[in-house]
Amino acid sequence: MKKFIVSILIITLALTSAFASGASETSKSVSTDGSTSMEKVIGSLGEAFMANNKGVSFTYNPTGSGSGIQAVSEGRCDIGLSSRALKDSEKAKGLKETVLALDGIAIVVNPNNSVSDLSLDDLSKIFTGEIKSWKELGGDDSEIVVIGREAGSGTRDGFESITKTSDKCVYRQELTSTGDVIATVSSNENAIGYASLSAVKSTVKALKIDGVIPSEETIKDNTYKVQRPFVMVTVEGKQLNETADKFFNWALSSEAAPIISKAGAIPLV
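Summary of the structure given here. Just so it is clear, the model here is predicted, and its values are computed rather than measured.

### A word on the environment of V30
Checked against the element boundaries, V30 lands in strand β1 (residues 29–34). With relative accessibility at 1%, the residue V30 sits in the buried group. Leave out the neighbours within four places in its chain, and V30 touches F49, S57, F58, T59, D78, I79, T243, A244 and F247.

See below:
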């Protein structure tokens with residue numbers, strides 16, 4: 001009987017230890033999922049957070065805003081990432097948005113394109129197919145190749161909302177990441193696309209919109225109109241684990257602001 005009791009105690013202690021170990025591992029991890037436009041910002045924040053918190057793991061799954069919102073809703077990640085504001089229907093499902101930073105949506109063309117300035121009205125007409133040639137905009141007599149993002153992309157949703165072209169755009173290609181848009185535009189002299197300002201490289205040229213170039217200053221003072229929020233999405237009333245909660249609050253602090261700025265986005269503090 002004593003042997004039986006001792007065996008039970010050993011098993012109980014082992015299970016308790018395993019559970020505690022598992023709980024400890026969980027509490028030392030942060031999982032994020034969503035917007036590909038936020039990759040540089042979230043990657044930089046994640047690296048800094050792990051460097052300052054030894055033993056912590058940070059993961060980022062770049063699936064797109066819509067997928068990230070769904071992932072946090074289904075409990076598959078701690079924090080969803082969206083490069084657009086939540087829709088009323090998503091808030092009605094118990095999701096909460098917290099703006100991490102602001103981001104300009106740069107309108108990008110090939111560096112060899114002579115066009116450097118467009119109006120919002122020009123953009124609407126280009127992406128809906130009303131304007132078909134660069135010649136109509138002062139450029140070469142060449143067909144405009146319109147590049148966009150896939151349905152569910154926060155960048156696409158933001159761009160189409162601002163230009164009032166939702167469900168009206170005529171895309172030659174619909175790509176699944178910001179990087180793909182940059183690469184495609186950089187390899188086609190007649191292409192035009194949109195991408196997060198934080199992702200713009202020297203391989204493409206960001207256009208002025210209504211005479212205003214996208215920059216931290218013009219986004220902060222709202223003179224550059226093609227902009228949107230970078231959002232962290234959580235479930236209303238659901239407590240994050242200790243480490244995820246620590247990351248969430250730190251990412252919104254003045255300590256994290258320089259990291260966000262260096263990554264190309266505009267912090268709110």
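Moving on from the coordinates now.
### Considerations on helix α2 (residues 39–52)
With 14 residues, α2 should cover 20 Å at 1.5 Å per step; its first-to-last C-alpha distance of 20 Å lies within 8% of that length. All of the buried residues along α2 are V41, I42, L45, G46, A48 and F49.

### Considering empty space enclosed by the protein
For the structure on display, the rule yields one cavity of 30 Å³ or more. A volume near 30 Å³ is recorded for the largest cavity. What lines the largest cavity is simply S35, T36, S37, G64, S65, S83, R149, S153, G154 and T155. Of the residues belonging to the lining of the largest cavity, the class tally is no nonpolar, nine polar and one charged.

### Some thoughts on the packing of helix α5 (residues 120–127) against helix α6 (residues 154–163)
Running from amino to carboxyl end, α5 crosses α6 at an angle of 115 degrees, the nearest separation of the two axes being 9 Å. When you trace α5 past α6, the crossing you get is left-handed. Along its contact with α5, which presents L120, L123, S124 and F127, the element α6 presents F159, I162 and T163. Considering only residue class, the contact of α5 with α6 consists of five nonpolar, two polar and no charged.

### Some words on the layout of surface pockets
In this structure, the largest pocket occupies an estimated 290 Å³ of space. Surrounding the largest pocket, 17 residues form its lining, G66, R84, K87, E90 and G152 being those nearest its centre. Going through the elements one at a time, α3 (65–73) and α6 are the ones with two or more residues in the lining of the largest pocket. By residue number, the principal contributor to the lining of the largest pocket is α3, which donates four residues. A breakdown of the residues in the lining of the largest pocket according to their chemical character gives three nonpolar, six polar and eight charged.

Cut-offs and rules
- Residues numbered from 1 in each chain as written.
- Predicted model: local features only at pLDDT ≥ 70, side-chain atom pairs only at ≥ 80, totals over all residues.
- Heavy atoms only, no water.
- Helix = DSSP H or I, 4+ residues; strand = E, 2+ residues; numbered from the N terminus.
- Buried < 20%, exposed > 50% of the residue type's maximum accessible area, 1.4 Å probe, protein only.
- Contact = heavy atoms within 4.5 Å.
- Expected span 1.5 Å × (residues − 1).
- 1 Å grid on protein atoms, 1.4 Å probe; cavity = no way out; pocket = protein on both sides within 12 Å on 5 of 7 lines; lining within 4 Å.
- Points joined across faces, edges and corners; volume = space filled by probe spheres on them.
- Nonpolar A, V, L, I, M, F, W, Y, C, P; charged D, E, K, R; others polar.
- Axes fitted to C-alpha atoms, helices over the stretch in contact; angles between N-to-C directions.
- Left-handed = near helix turned anticlockwise from the far one by under 90°.

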